[in-house]
Amino acid sequence: MNNAFDIYADIAELRAELAECILTRKERTETQARLDQLLAEADRRREREEA
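The rules we used
Residues numbered from 1 in each chain as written. Predicted model: local features only at pLDDT ≥ 70, side-chain atom pairs only at ≥ 80, totals over all residues. Heavy atoms only, no water. Helix = DSSP H or I, 4+ residues; strand = E, 2+ residues; numbered from the N terminus. Rg over C-alpha atoms; globule rule 2.2 N^0.38 Å. Buried < 20%, exposed > 50% of the residue type's maximum accessible area, 1.4 Å probe, protein only. Core = buried A, V, L, I, M, F, W, Y, C linked by side-chain atoms within 4.5 Å. Contact = heavy atoms within 4.5 Å. Expected span 1.5 Å × (residues − 1).

### Concerning the overall build of the protein
Logical step 1: Scanning the protein from terminus to terminus reveals two helices and zero strands.
Logical step 2: Over its C-alpha atoms the protein spans a radius of gyration of 12 Å, topping by over 25% the 10 Å that the globule rule assigns to 51 residues.
Logical step 3: In terms of principal-axis extent, the alpha carbons of the protein reach across some 40 × 15 × 15 Å.
Logical step 4: A total of 51 residues make up the protein; the buried ones form 18% of that total.

So this is what it looks like as structure tokens:
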């Protein structure tokens, strides 16, 4: 369960960076890609737990 918390903490941090930080286009693209990866992983874990 600790890993799940880490994922959700990372998701929150990345969302905050995208919303509040001044990022270059490259940084914004990389941050968004990482956020998308973490959201997909969180969905997979949630589906696995519901099964």
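### A look at the nonpolar core
Logical step 1: Residues Ile 7, Ile 11, Leu 14, Leu 18, Leu 35, Leu 38 and Ala 42 constitute the largest nonpolar core, which totals seven residues.
Logical step 2: Among the elements of the structure, α1 (2–20) and α2 (25–50) are those that each provide at least two residues to this core.
Logical step 3: Sort the elements by how many residues they give to this core and α1 lands first, with four residues.
Logical step 4: What Ile 7 contacts, discounting residues up to four positions off in sequence, is Leu 38, Glu 41, Ala 42 and Arg 45.

### Overview of α2
Each turn of an α-helix holds 3.6 residues, which means side chains three or four residues apart point in the same direction.
Logical step 1: Between its first and last C-alpha, α2 extends 37 Å over 26 residues, near the 38 Å set by a 1.5 Å rise per residue.
Logical step 2: When α2 is considered as a whole, its buried residues turn out to be Thr 31, Leu 35, Leu 38 and Ala 42.

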